[in-house]
Amino acid sequence: MGPRRHASLDDRARETLGVSLALLLSVSAALPLLVGRGMVYTRAGGDSPFLLQRVFEMSSALADGSFPVRWMPTGNLGLGYPAFNYYAALPYYVAAALHLAGLSVITAIKVTQLLGFVIGGLSAYGLARALKLGRPAAVAAAGFFTA
């Protein structure tokens, strides 16, 4: 085996540019979340009220010391619902933590969704690079993922 080849400064600069472009694409895809005031619209507005309720319930349960959170006392028209047994709870934990840190419920949801776009776009870029695709193809993968 020969000596290890270190990445040149030019290669690192190009990689940084590729990552920056992937990040820019991710944030620009999430821009509609960030510019408007009020309600976050998902699935043509159909899921949005439930996002608010789930984040509020998760925040309340965490503030009361429950972990892991399983039950939504006001779900199902006040009869209760085990939503966090059936839905992926991680985004709700993130949004609830942001809410407990002082953000409004709506802002916490928006920031959580922004994080999802950014992490997803950068992960798509990283996967494409790990699959030995070139930087332009990796940026395209990030763009297609977040579109």
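For the structure itself, look to the data block above.
Quantified by volume, the largest pocket comes out at close to 350 Å³. What lines the largest pocket is a set of 15 residues, among which P91, Y92, T112, Q113 and G116 lie closest to the centre. For the lining of the largest pocket, the secondary-structure elements that each account for two or more residues are α2 (48-63), α4 (90-100) and α5 (105-130). Here the element with the most residues in the lining of the largest pocket is α5; it accounts for seven residues.

Moving on: the side chain of S59. Residue position: S59 is located in helix α2. Apart from the residues lying within four places of it in its own chain, the contact partners of S59 are A96, H99 and L100.

A separate point is unusual backbone geometry. Here the bond from F67 into P68 is cis, since omega is -5°, no more than 30 degrees from zero. As for its position among the elements, P68 is in the loop between α2 and α3 (83-86). Phi at N76 is positive, roughly 55°, even though this residue is not glycine. Note on placement: N76 falls in the loop between α2 and α3. Of note in the backbone geometry, K132 takes a positive phi value of approximately 70° without being a glycine.

Quick look at the nonpolar core now. Of all hydrophobic cores here, the largest spans 16 residues; its most connected members are V55, M58, V69, F84 and Y92. When residues of this core are traced back to their parent elements, those giving at least two are α2, α3, α4 and α5. Once residues within four sequence positions are removed from consideration, F84 is found in contact with R54, M58, V69, R70, M72, A89 and Y92. Y125, A138, V139 and A142 belong to the second-largest nonpolar core, a separate cluster that totals six residues.

The rules behind these values
Residues numbered from 1 in each chain as written. Predicted model: local features only at pLDDT ≥ 70, side-chain atom pairs only at ≥ 80, totals over all residues. Heavy atoms only, no water. 1 Å grid on protein atoms, 1.4 Å probe; cavity = no way out; pocket = protein on both sides within 12 Å on 5 of 7 lines; lining within 4 Å. Points joined across faces, edges and corners; volume = space filled by probe spheres on them. Helix = DSSP H or I, 4+ residues; strand = E, 2+ residues; numbered from the N terminus. Contact = heavy atoms within 4.5 Å. Core = buried A, V, L, I, M, F, W, Y, C linked by side-chain atoms within 4.5 Å. Buried < 20%, exposed > 50% of the residue type's maximum accessible area, 1.4 Å probe, protein only.

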